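Residue-level structure breakdown
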Amino acid sequence: MVHNGAGYFGIEDMRSAMEKILEIKELTRSFGNKVVVDHISFDVNSGEICGFLGPNGSGKTTTIKMIAGMLFPDSGTISVCGHDVETDFEAAMANVGGIVENPDSYGDFSGRMNLELAAKVRGVSEKRIDEVIRIVGLENRINEKVKRYSLGMKQRLGIAHALLSEPRFLMFDEPTNGLDPAGIRDFRRTIKRLAHEEGIGVLVSSHMMTEMELLCDKVVIIEKGKLMGISDIDLFKNGAAEGDVMQYKLVVSSADDARRIITEKLGDVVRDVNRKARSSKELWEVDIEVEEDDIPMLVKALVCEDVEVWMVEPMGVSLEDAYINATGGGAIG
Amino acid sequence: MAKFKAVFSNEMRKIFHKKYVTLMIVLVYVVATALGLVLSAGHEYVNDDVDAQQNYENAIEDKRELGAWLDEQDEIFAANGVTVLTSTTGMFYLDKLGVYARACTLIEEVEEYGLGIMVNDYRREVLDMINMLKRRLICYDRIKDYTITAELKGKREMICPIFDEADRAKNYEEMERLEKGLSVDGFAAYIEMKKQDINDPKGNPVIGGIASATNVRQKAFYRDTILEILDIMLEQNITGEYPSHAKFHQDAGRLVEVKWFLHENIKTFGGDELTADTRKALEDEAATIENKMHSGYYNRGKWLNDEFTKDGTIVVARLMLFVGNILITLLVMIIAAGIISKEIETGAVKMLIIVPVKRWKIYSAKVLSLALIATAMTAVLAGWVIVLMGIVFGFGELHLYTSSWGVLSFEAFVLLYALLQLLSTLWYMMVAVSFSTIIRNTAGSITAGIGLLVLSLVGMIFGDTVMNPAILSYVPSICASTLADSVLPHLCKMTDYESIACFGVELGFDGIFTLCYVAVLLVGMVWSARDSFCRRDIK
């Protein structure tokens, strides 16, 4: 069963669970003569966590603010669950929850009162307020005034705000900023559960690449307002599509035998051989460039010739490396 | 609608969550109550005045008689081809009946000397008089009709030398000096100056609006009587600072008038000879005024001397409403100044905007919540004034409010007065909301709003009215008083033709200001709401 905020999907509904929750088409916005967002288009599907990456000033927050209806686009359209944000604002926003830029609330009010204000407008019950307070772990401090909250607590309250009405689309701008490690982990678990179990579409903008790597299913990269690419996160990191040659690291007991067998089977694919560091055993790391489909055959050949295979590891780069490669080092746009 | 209600309810909650709001609300009523009690303390209510309603009806009847008499004069004028102009110089202190008496004098002058009359003032009473004179008006100086002015200029010498522009300006100057109140030394100099003016053979003695003697004999008589009165004024320091001083001036004018009637043995300026009864009545009246003058009656109790006790409830109620309204306006302005900008400054606006409610609904809910608070506070204040005055003076003893356009019960007067003040408060509220929305800076909006309020209060101090119902700003006060003058008589179902005609005249002139007032409100609301909030980026 998948919860969509308004009720529960049955089996039939599951088929349409991968619908487009957020649809952005040719979105453009300028400030003066500077084009900050330049004809970008992308979608976020239900059940998908989309990382929104780009250097400072690349137009991420501007895009998020346009989705939230705070800024007006010069051209292009944004629709949430099929409702255009500009022409059908109320219906669109009924499906949106999120934090834009900073998790600001009414400082003189307690956390609970802030949630109550939002709950009243969205028609949310007291029970749900308690539920989101539990989800973000603010039970002990919820009755304190928000102005006494730390940044992390404000972030938690912002997340609670976002989750309050069980929206079908969530967006977060630097959501883990200020959160402690446990808070980051809880946030990640919550968002993953909501996306993967309840079919919510999520857009997250962040500079914390390790966190994004653990959280996201796909990434959208913009730079200087232009869309640089949309990709599945693994493909983006590895820079290869299915069937492409990729680098793998083999850890074996004999470097010479391994090099000979691999060359016999696949030709000149060995790129490097090194003694494995910090190991009590005499093991060797052999870097090779092969297709993914060749790996089982290669492992079998090595084992048949008494070469012990301790590990086969794809040598994909981290999201951070991939991101820096893609954006040319993250210069401010 | 449900979402609008929710946003509205949230706005109310946000407003009342602020501690200073509660404190200010308490302050409004505490200050108003304290003021009411202090002003009423030791005050003995005397209700020996003629019933106000009866008084008013008598006045209407007098006017009808006068109208009939004027009709007769019409024929005489027409037969003799006399151009009738009117002058109202020196009528500042006259009550309505005094104005009619003055009109009679002028008509008499016209009849006797073939003089024209020039209108050079625009007070309500004057408009009444113009109407009484029924189309005999040739020139009304606020209408810049140069053809008519030219015609008048040619006849000016013939009309009356005392009505030239310099005299008129001097009269205004004198009035201002009296109204503002002068220092003791300055006042002595003023009295001396006035004596010299009066002794000038070309001068025209004026006191209490009794002026423009039409012959040397009358002028001499006026001069001697007025000199005596000036001495009393100097001795008792009747500077015009207090309402009782204005009453002195008014009664002094009446004394001059009554003495002239007795001297000439006439009933009115255009009237028959005195009968024994009317002579006795006039003698009593003159004696009463003189006794009061010599006993320092007009200098007792300042604001609330015995003469004013009959109006005491009105005076105290006005002050309570006036001061209370300033505090309510301040409170509403302070809240309004941050209504949009504060949320933008703190970033809380993001939480406000990402809700499934259109921006115009958010804006409307905010403005409506403020307007309701202002209305509720004003209504409670008005109710409290009625109750407090009832407790202090006795509920059956509250005075009727008499004006040129009708009579109201005390309760109705307080409610209408409060309504006019509310208009002013709402105007200020919109100014602050507009600033808050347009410049998006709370401190700037508060400064601008309070600056405007102070400017208006300064304008009030140097202006020529005291405690105008909506004096808090120039524009609202003009418009609110226009409403008072134009709409209220209509509501009061006046039947006398003069007032109905005045209604038309005033609506014509001042209706523009009223429209401006409404336009400023609407433009401010629409501009700030539509372009500065609903369709503007929130960065």
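Preceding this paragraph is the structure being described.
Now for a quick tour of the structure. (Residues numbered from 1 in each chain as written. Chains lettered and ligands numbered in written order. Predicted model: local features only at pLDDT ≥ 70, side-chain atom pairs only at ≥ 80, totals over all residues. Heavy atoms only, no water.)

Turning our attention to the interface of chain B and chain A. Bring the parts together and some accessible area is lost; that lost area is often taken as the interface size. The partner chain A presents 30 residues to the 29 residues of chain B that form the contact. For the pair chain B and chain A, the two sides together bury roughly 2800 Å², of which 62% comes from carbon and sulfur. The interface formed by chain B and chain A holds two salt bridges in total. Its salt-bridge partner being Arg13(B), residue Glu116(A) comes within 2.8 Å of it at the nearest N-O pair. Where chain B packs against chain A, one counts 11 residue pairs in polar contact (both at pLDDT 80 or more). Taken together, the elements giving at least two residues each to the side of chain B that touches chain A come down to helix H1 (2–17), helix H13 (341–346), helix H14 (349–353) and helix H15 (359–393) of chain B. No other element matches the eight residues that H1(B) contributes to the side of chain B that touches chain A. Here the side of chain B that touches chain A is composed, by residue class, of 12 nonpolar, five polar and 12 charged. (Contact = heavy atoms within 4.5 Å. Buried area = accessible area lost by both parts, 1.4 Å probe. Salt bridge = Lys/Arg side-chain N within 4 Å of Asp/Glu carboxyl O. Polar contact = N/O pair within 3.5 Å; in protein donor to acceptor, adjacent residues only side chain to side chain. Helix = DSSP H or I, 4+ residues; strand = E, 2+ residues; numbered from the N terminus. Nonpolar A, V, L, I, M, F, W, Y, C, P; charged D, E, K, R; others polar.)

To continue, consider the sheet that holds strand E10 (residues 201–205) of chain A. Residue and element names in this part refer to chain A. Read across the open sheet, the six strands follow the order E8-E9-E10-E5-E11-E12; overall the sheet is mixed. Two strands close off the open sheet at either side, each with one partner strand: strand E8 (96–99) and strand E12 (226–232). Within this sheet the neighbouring strands show an average axis-to-axis angle of 15 degrees, counted without direction. Strand direction decides the pairing type here: strand E5 (residues 49–53) and strand E11 (residues 218–223), joined by four bridges, are parallel. (Pairing = 2+ DSSP bridges. Axes fitted to C-alpha atoms, helices over the stretch in contact; angles between N-to-C directions.)

So, on to the pairing of E8(A). Residues and elements named next belong to chain A. Residues of E8 alternate between two faces, with Val96 and Gly98 on one and Gly97 and Ile99 on the opposite face, all of them buried. In this structure, E8 lies alongside strand E9 (residues 169–173), joined through four bridges in parallel fashion. Counterpart to Val96 in the pairing with E9 is Phe169. (Buried < 20%, exposed > 50% of the residue type's maximum accessible area, 1.4 Å probe, protein only.)

Residues and elements named next belong to chain A. Here four strands make up an open sheet; going across it, the order is E4-E3-E6-E7 and the pairing antiparallel. Every interior strand has two partners, whereas the edge strands, strand E4 (34–45) and strand E7 (83–84), have only one. In this structure, strand E3 (residues 20–31) lies alongside E4, joined through eight bridges in antiparallel fashion. Counted as the bridge partner of Lys20 is Asn45 from E4. Docked against the sheet, helix H2 (residues 60–67) engages E3, E4 and strand E6 (75–80), running at close to 120 degrees with respect to E3.

Here we take up unusual backbone geometry. A positive phi angle, close to 65 degrees, is found at Asp306(A), a residue other than glycine. Relative to the assigned elements, Asp306(A) resides in the loop between helix H11 (295–304) and strand E16 (309–314). Exposure remark for Asp306(A): the relative accessible area of 68% places this residue in the exposed category. Positive phi, normally seen in glycine, also occurs at Asn265(B), with a value near 60 degrees. Its location among the elements puts Asn265(B) in the loop between helix H10 (243–264) and helix H11 (276–294).

A few words on the environment of Asp88(A). Residues and elements named next belong to chain A. Mapped onto the secondary structure, Asp88 falls in the loop between E7 and helix H3 (89–93). Under the relative-accessibility criterion, Asp88 is labelled partly exposed at 31%. For Asp88, the side chain forms a polar contact with the side chain of His83, separated by 3.0 Å.

Residues and elements named next belong to chain B. Counted by the stated rule, this structure contains seven aromatic pairs over all chains. Geometrically, the ring pair formed by Phe221 and Trp260 is tilted, given 5.6 Å between the ring centres and 55 degrees between the ring planes. Of the two residues, Phe221 is situated in helix H9 (residues 216–236) and Trp260 in helix H10; the sequence distance between them amounts to 39 residues. Pair check on accessibility: Phe221 and Trp260 agree, each one buried. (Phe/Tyr/Trp six-rings, centres within 6.5 Å; stacked < 30°, edge-to-face > 60°.)

So, on to the packing of helix H4 (residues 111–122) of chain A against helix H6 (residues 151–163) of chain A. Axes are the key here: two packed helices are described by the angle between their axes and the distance separating the axes. Residue and element names in this part refer to chain A. Contact pair H4 / H6: the axes reach a minimum separation of 10 Å and the direction vectors enclose 25 degrees. In terms of their interaxial angle, H4 and H6 are classed as roughly parallel. As H4 packs across H6, the resulting crossing turns out to be right-handed. In this structure, H4 uses Gly111, Asn114, Leu115 and Ala118 to contact H6, whose residues at the interface are Leu157, Ala160 and His161. Considered class by class, the residues forming the contact of H4 with H6 number four nonpolar, three polar and no charged. (Parallel < 35°, antiparallel > 145°, perpendicular 65-115°, else oblique. Left-handed = near helix turned anticlockwise from the far one by under 90°.)

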